[in-house]
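Descriptive structure summary
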Amino acid sequence: QIASCHNQMNSTQDTKQMTQFQFEYSCALNNLASSMRRSELTRSEILRQRQNSDEQQPRPTPQALSGLAGLLSGRSSTLTVALGQSRKQLKSFVEVMHQTSPI
């Protein structure tokens, strides 16, 4: 973009009177404004996508959340047979490890 600013400097009469510092400052200010516009567009797009995804995702029901809490706490009514068996095997393994470790 600085190259395009330099081309503009060569093409207009007014910029010939600018000092090099003023010209570079002007180019930097234009680049900053452009970057800020892109950032704002990106921010708007992200907010729009979040809003759309929030509308599409169903909210969990209280029943689903209580079922999940039961699963995480290990209540047997929410455990599958395989998960229950895995828990028993892990418990047995831990007991064996405690018996054989010289602590």
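None of the values given here were measured: they were computed from a predicted structure.

1. Here we look at the pattern of salt bridges
For the structure shown, the criterion picks out 2 salt bridges. Close ionic contact of Arg-43 with Glu-40 constitutes a salt bridge, the shortest N to O distance being 2.9 Å. Residue Arg-43 and its partner Glu-40 are both found in helix H2 (residues 20-56); the two are separated by 3 residues, about one turn of the helix. With relative accessibility at 38%, the residue Glu-40 sits in the partly exposed group. The shortest N-O distance in the salt bridge between Arg-48 and Glu-45 comes to 2.4 Å. On the criterion of helical spacing, the pair formed by Arg-48 and Glu-45 is a turn pair, its members being 3 residues apart in helix H2. Judged by its relative accessible area of 32%, Glu-45 falls in the partly exposed class.

2. Notes on a nonpolar patch on the surface
Where nonpolar side chains cluster on the molecular surface, the patch consists of Phe-21, Tyr-25, Leu-29, Leu-32 and Met-36 and spans about 590 Å² of accessible area. Considering the arrangement of structural elements, one finds Leu-29 in helix H2.

3. Looking at the side chain of Ser-34
When you line up the elements, Ser-34 lands in helix H2. Judged by its relative accessible area of 17%, Ser-34 is buried. A distance of 2.9 Å separates polar atoms of two side chains, one belonging to Ser-34 and the other to Arg-38.

4. Quick word on the packing of aromatic side chains
Under the definition given, this model contains 1 aromatic pair. Centroid distance Phe-21 to Tyr-25: 6.3 Å. Interplanar angle 25°. Geometry classified as stacked. One end of the pair is Phe-21 and the other is Tyr-25, both in helix H2 and 4 residues apart, which spans about a single turn. Take Phe-21 and Tyr-25: they sit in the same class, and that class is exposed.

About the cut-offs
- Residues numbered from 1 in each chain as written.
- Predicted model: local features only at pLDDT ≥ 70, side-chain atom pairs only at ≥ 80, totals over all residues.
- Heavy atoms only, no water.
- Salt bridge = Lys/Arg side-chain N within 4 Å of Asp/Glu carboxyl O.
- Helix = DSSP H or I, 4+ residues; strand = E, 2+ residues; numbered from the N terminus.
- Buried < 20%, exposed > 50% of the residue type's maximum accessible area, 1.4 Å probe, protein only.
- Patch = residues over 30% accessible without salt bridge, like charges linked within 9 Å, V, L, I, M, F, W, Y side chains within 5 Å.
- Areas by Shrake-Rupley, 256 points an atom, 1.4 Å probe, with all protein chains shown as cover.
- Polar contact = N/O pair within 3.5 Å; in protein donor to acceptor, adjacent residues only side chain to side chain.
- Phe/Tyr/Trp six-rings, centres within 6.5 Å; stacked < 30°, edge-to-face > 60°.

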